Structure formats: C-alpha cells, structure tokens
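These are the residues of each chain, in order.
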Amino acid sequence: MDGTANLVDREAMALRDDISSSVVTQRESAVELNWSPSVPRELTRTQNGLPVQWVDSAPAAPASSFSRSVSLIVKRLVDIAGAGAGLLFLAPLLIIVALLIKNTDKGPVFFRQSRVGLDGRVFQIMKFRSMYADRCDVSGISQTVADDKRVTPIGALIRKTSIDELPQLINVLRGDMSLVGPRPHVAGMLAGGMAYEDLVPHYGFRHHVRPGLTGWAQCQGLRGPTVDRSKALQRVGHDFAYVQNFSLWLDAKILVKTVASELLSSTAH
C-alpha cells in the first residue's frame, strides 16, 4: 500500500509540474506576443497582412539599418520626382479646378490648415478649397460628414474623387509630406468622441515618418469621418504597421492600390 501511495504521489507531482510548465510557457508566449490589456486589440493584431510589434506595451521602434536608411533616401528622391512630374502633368486639371472654385465662390482657391508631421513638427497643408469661404473650419476639429451643407457643389465632386488633395504635391516637394505615409492629422483631432492622443496609446509613434498623400490605412478603405472608435483605432493601427514595415515595395503597392480604388471611392466626404 505504501508503495502504491508513493507511486500515486509521484504521478500527482509530475502532473502538477507539467501543468506549471504549461502555464509558464503560456506566460512566456504572451510576453513574446507583447500583448497588454492596456493596449486596444485593434492596435495589436495584424493590419491587413502587416504585423505590429509591441515591446513593454509600446510599439517597437523600426530597426535602424543600412538598407532602411538607403530606402528612405530613395523614397525622398521618388517623392521629389513624383511630385514634380505630377504637378506638370496635372497642371491643366489643376487650373480648371481652380477656375471652377473661383466661379462657384469668390474666396481663395486653396485651403491651408495646420497639421502635425514628421517628429511632431507642425506644417501648413494645402488643399483645394471645397467649402464655402465663410464656413471653412481652419481648426479641423469639426469633421465633414455626408451631405455637409458647408461643401460647395464643385467641392463635393473634388472631395469624392480626391482631387482636392492634389495641391499637397506642393507639400511633398517642400518636404512636409511624402507620397506615401500616415495621413496627417490636426492637433487635437477627434476620433470616437475624444482626442486621438487620448484614444490611442503612443499615438505619436505614427510621426516616425513623413505623413503621406495616401497610406496603408487609406488604400484599405479606412478613410472618412472617425466617429466610430474601433475604426479610428484600426486606422492608427495600420499607420503603426506601416512605420514598422516600411519598404519601397510596400510604397509601390500602396500607390497602385490607391490609383486602382481610392481615387474612385465614394467614402470621402
């Protein structure tokens, strides 16, 4: 009987050790996944194929490497060449749009607004004015919505086709922006009823790169008003993923997807 009891005790201890080992393994896996209850799940999951890495409840900074440095230099050269060529090629369209805006409402052709860019620096973004001159919201806090009465007839058309964004090619030439990157926000921009800075942990991580005319979030259909909290988080999650996974190939993919779908999208207001 004593031998049987000892055998049972040994089996019980072995089973307990196996369970304990399993728990430790699960905990170690959780650490490897870098998941934290304080980080919304929308920011930790893979963003349409691009992973987001977290370390100690903070997004992992992109690795500094020679290839990344070279890619960023090439990216800037592509920005200059692309923006310059775009302005020359689109000059007739830009002139026609400017005349239509002037004919619709006797205000300025361009709308300028302060946005937050690379490393948190503020710059003046340029857009074709799509609202009546006396109804523009320079602060950017009050976002446009569907059938917004502030938008002019020509403004509705150029917003739907994203033509209103084309003057930002000038911002690209200046170095304020890139052809591809997270869309620049106004300081204090609301999302889900609260400021982005309060909604998104480590929100400023998206400022590790220049903001862009289009980005990973936009070419995946995440654009327009940010009333929905989950969609707003997903949008920034895509920005985090872009910062960490940047490559020239990814930029090319985003540009192709934008031309193929976003320019004809009806989700812009």
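Here the structure is a predicted model, which is why all the values come from computation and not from measurement. (Residues numbered from 1 in each chain as written. Predicted model: local features only at pLDDT ≥ 70, side-chain atom pairs only at ≥ 80, totals over all residues. Heavy atoms only, no water.)

> Got a minute to help me understand the overall build of the protein in this structure?
Looking only at helices and strands, one finds 9 helices and 8 strands in the protein. Within the protein, the fraction of its 269 residues that count as buried is 43%. (Helix = DSSP H or I, 4+ residues; strand = E, 2+ residues; numbered from the N terminus. Buried < 20%, exposed > 50% of the residue type's maximum accessible area, 1.4 Å probe, protein only.)

> I'm lost on a nonpolar patch on the surface in this one. Help?
The grouping of Phe66, Val70, Val74, Val78 and Leu248 at the surface amounts to a nonpolar patch, some 420 Å² of accessible area in total. When residues in the nonpolar patch are grouped by element, the largest group, 4 residues, is from helix H3 (residues 66–89). With respect to the secondary-structure elements, phenylalanine 66 resides in helix H3. Judged by relative accessible area, phenylalanine 66 falls into the exposed class, the value being 71%. (Patch = residues over 30% accessible without salt bridge, like charges linked within 9 Å, V, L, I, M, F, W, Y side chains within 5 Å. Areas by Shrake-Rupley, 256 points an atom, 1.4 Å probe, with all protein chains shown as cover. Salt bridge = Lys/Arg side-chain N within 4 Å of Asp/Glu carboxyl O.)

> Is there a simple way to think about helix H5 (residues 153–160) in this case?
Quick reminder: α-helices carry 3.6 residues per turn. Residues three or four places apart thus point the same way. Listed as buried for H5 are Ile154, Gly155, Ile158 and Arg159. The arc that holds the buried residues of H5, viewed along the axis, is 130°, so those residues lie on one side. Those residues of H5 hidden inside the fold are in contact with helix H4 (91–104) and strand E4 (122–128). Count one or two residues on from H5 and you reach serine 162, which has phi positive near 65°. (Arc of directions from axis to C-beta. Contact = heavy atoms within 4.5 Å.)

> Honestly, the pattern of salt bridges in this entry has me stumped. Any pointers?
Pairs may arise between side chains of opposite charge once their charged atoms sit close together. Counted by the stated rule, this structure contains 7 salt bridges. As a salt-bridge pair, lysine 127 and glutamate 165 come within 3.7 Å of each other at their nearest N and O atoms. Placement of the pair is lysine 127 in strand E4 and glutamate 165 in the loop between H5 and helix H6 (168–174), with a sequence separation of 38 residues. Taking relative accessible area as the criterion, glutamate 165 reaches 15% and is therefore assigned buried.

> What is the right way to read unusual backbone geometry from this model?
Trans is the prevailing form of peptide bonds, just as negative phi is the prevailing case for residues other than glycine. We note that asparagine 48 has phi near 50°; this positive angle belongs to a residue other than glycine. Considering the arrangement of structural elements, one finds asparagine 48 in the loop between helix H2 (41–44) and strand E1 (54–55). Positive phi, normally seen in glycine, also occurs at aspartate 56, with a value near 55°. Tracing the chain through its elements places aspartate 56 in the loop between E1 and strand E2 (58–59).

> Is there a simple way to think about the packing of aromatic side chains in this case?
Two aromatic rings, taken as a pair, are described by how far apart their centres are and by the angle between their planes. With the rule as written, the count across this model stands at 5 aromatic pairs. Arranged with centres 5.2 Å apart and planes meeting at 85°, the rings of phenylalanine 205 and phenylalanine 240 form a pair that is edge-to-face. Taken together, the residues phenylalanine 205 in the loop between helix H7 (196–199) and strand E8 (212–214) and phenylalanine 240 in helix H8 (residues 229–245) connect sequence positions 35 residues apart. No difference in accessibility class separates phenylalanine 205 from phenylalanine 240, as the two residues are buried. Both rings, one in tyrosine 242 and one in phenylalanine 246, keep their centres 6.1 Å apart while their planes meet at 65°; by these two values the pair is edge-to-face. Of the residues examined, tyrosine 242 reaches a relative accessible area of 2% and is grouped as buried. Judged by relative accessible area, phenylalanine 246 falls into the buried class, the value being 9%. (Phe/Tyr/Trp six-rings, centres within 6.5 Å; stacked < 30°, edge-to-face > 60°.)

> Could you clarify how one ought to interpret the environment of glycine 192 in this entry?
Following the sequence through the fold, glycine 192 ends up in the loop between strand E6 (190–191) and strand E7 (194–195). Accessibility expressed as a relative area gives 30% for glycine 192, which makes it partly exposed. Once the C-alpha coordinates of glycine 192 and proline 225 are considered, the two residues, 33 residues apart in sequence, prove to be 9.6 Å apart.

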